[in-house]
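For reference, the chains in residue letters:
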Amino acid sequence: MKDVREALFVGTATDGRTVRRPLSPHLQIYKPQLTSALSIFHRITGVALSAGTVLLVWWLVAAATSDASFATVSAVLHTWVGHLVLFGWTAALWYHFCAGMRHLVWDAGFGFELPQVHASAAVVLGATGALTVLTWLVGAVIL
Amino acid sequence: MSTTPTQTIMRSGLGRARGLGSAKTGAAHWFAERVSSIALVPLTLWFVLAVFRLAGAPRAAVGAWLASPFNAALMLALVLITFQHSAMGLQVVMEDYIHAEKTRLGAILAMKAVTAILALMSVIAVLKLAIGG
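Residues numbered from 1 in each chain as written. Chains lettered and ligands numbered in written order. Predicted model: local features only at pLDDT ≥ 70, side-chain atom pairs only at ≥ 80, totals over all residues. Heavy atoms only, no water.

Peer 1: What exactly am I supposed to notice about the nonpolar core here?
Peer 2: The tendency in soluble globular proteins is for nonpolar side chains to be buried as a group. Leu-56, Trp-59 and Leu-60 of chain A together with Val-62, Leu-66 and Met-75 of chain B are the most contacted members of the largest nonpolar core, which has 47 residues in total. For this core, the elements supplying multiple residues, two or more each, are helix H1 (34-65), helix H2 (67-77), helix H3 (80-107) and helix H4 (114-142) of chain A together with helix H2 (26-54), helix H3 (59-66), helix H4 (69-97) and helix H5 (101-132) of chain B. Within the second largest apolar cluster, five residues are counted, among which are Ala-87, Leu-90, Ile-108 and Met-111 of chain B. (Core = buried A, V, L, I, M, F, W, Y, C linked by side-chain atoms within 4.5 Å. Buried < 20%, exposed > 50% of the residue type's maximum accessible area, 1.4 Å probe, protein only. Helix = DSSP H or I, 4+ residues; strand = E, 2+ residues; numbered from the N terminus.)

Peer 1: Could you clarify how one ought to interpret the interface of chain B and chain A in this entry?
Peer 2: For an interface, size is often stated in terms of accessible area lost upon the parts coming together. If you look at the interface, chain B gives 43 residues, while chain A gives 38 residues. Across the interface of chain B and chain A, roughly 3,300 Å² is buried in total on both sides, 76% from carbon and sulfur atoms. For the pair chain B and chain A, the number of links is three salt bridges. Asp-67 of chain A serves as the salt-bridge partner of Arg-59 of chain B, at 3.1 Å between the closest nitrogen and oxygen. When residues of the side of chain B that touches chain A are traced back to their parent elements, those giving at least two are helix H1 (13-17), H2, H3, H4 and H5 of chain B. Top contributing element to the side of chain B that touches chain A by residue count: H4 of chain B, with 12 residues. (Contact = heavy atoms within 4.5 Å. Buried area = accessible area lost by both parts, 1.4 Å probe. Salt bridge = Lys/Arg side-chain N within 4 Å of Asp/Glu carboxyl O.)

Peer 1: Sorry if this is basic, but what is going on with the packing of aromatic side chains here?
Peer 2: To describe a pair of aromatic rings, you give the distance between the ring centres and the angle between the ring planes. For the structure shown, the criterion picks out six aromatic pairs over all chains. Note that Arg-20 of chain A overlies the ring of Phe-9 of chain A, its terminal NZ or CZ placed 4.6 Å from the centroid. (Phe/Tyr/Trp six-rings, centres within 6.5 Å; stacked < 30°, edge-to-face > 60°. Lys NZ or Arg CZ within 6 Å of the ring centre and 35° of its normal.)

Peer 1: Would you mind showing me how to read H4 of chain A here?
Peer 2: One turn of the α-helix equals 3.6 residues, which is why residues spaced by three or four share an orientation. With 29 residues, H4 of chain A extends 42 Å between its outermost C-alpha atoms, agreeing within 8% with the 42 Å of an ideal straight helix rising 1.5 Å per residue. Check the buried side of H4 of chain A and you find it contacts H1 and H3 of chain A together with H2 of chain B. (Expected span 1.5 Å × (residues − 1).)

Peer 1: Just to check I follow, could you spell out the pattern of salt bridges for this structure?
Peer 2: Here the idea is simple: oppositely charged side chains can pair when their charged atoms come close. One pass over the structure, following the stated rule, counts five salt bridges over all chains. In this structure, the salt-bridge partner of Asp-107 of chain A is Arg-34 of chain B, at a minimum N-O distance of 2.8 Å. A residue pair is termed interchain when its members come from two chains, as with Asp-107 of chain A in helix H3 and Arg-34 of chain B in helix H2. You can call Arg-34 of chain B buried: its relative accessible area is 18%.

Peer 1: Can you walk me through the confidence of the model for chain A in this structure?
Peer 2: Low pLDDT marks stretches whose predicted atomic positions should not be read closely. With 95% of its residues at a pLDDT of 70 or more, chain A has an overall mean of 91. Across chain A, H3 of chain A holds the top mean pLDDT of 97, while strand S1 (residues 10-12) of chain A sits lowest at 83. (pLDDT = per-residue confidence, 0-100.)

Peer 1: Sorry if this is basic, but what is going on with the side chain of Ser-36 of chain B here?
Peer 2: By the secondary structure assignment, Ser-36 of chain B is in helix H2. Contact partners of Ser-36 of chain B, with chain neighbours within four places excluded, come to Ile-81, Gln-84 and His-85 of chain B.

Set out below in structure tokens:
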């Protein structure tokens, strides 16, 4: 132990071994649960949406540049790969939106009992599916 | 109600005794992330409706739509707050998973640079369409 702070990292694993505590929860240590799965999925969709903003920037910049560059973006987005990416983008957006609302409710101090946590998880998953399908149905009808 | 004593401070006893803590700006970061997320709730709903209107539309229609100051202002708000929220979230992810200090600092600075440039590119594109279109 080089530093007194190291004392805070001494812990025991479930099999009794002495281990250095991880700084943040490690997926390979915790048993997968509904709560942890939704938590890490919030993070994954957040990172994916960050990458997805590049599409929005590309679309805006192309619209501000020329007819040719706007035609390129439109053509790429209208391929089946483009639609697949946009579908994933929609699903990630609605998941992060719904799970984010769940986090805001927690931040306000509500819904911490385990049955409530499981119920809100079901609501988030159901709403994500429904909103994603609804978005594409509306898109298919009006376009 | 339970009668067992509860610990209301989420720090270990030893950490409190030693006066240890992050002593950084975690609370401000956490709060700003929440504030931006609240702003993004109505902006995201508006954006989805905007996409319904503009998906597959010709370029001239995008320009005409952004010529409305209301649409341009909301688009700027959406882009700026999205990139702010995204940069704050990505920073926390990097702080959690990149343990080597120099690599972590470098990654965070690079990410901030990329998100800032992307945000500025979007702002200039929106302004060009809003004012010049």
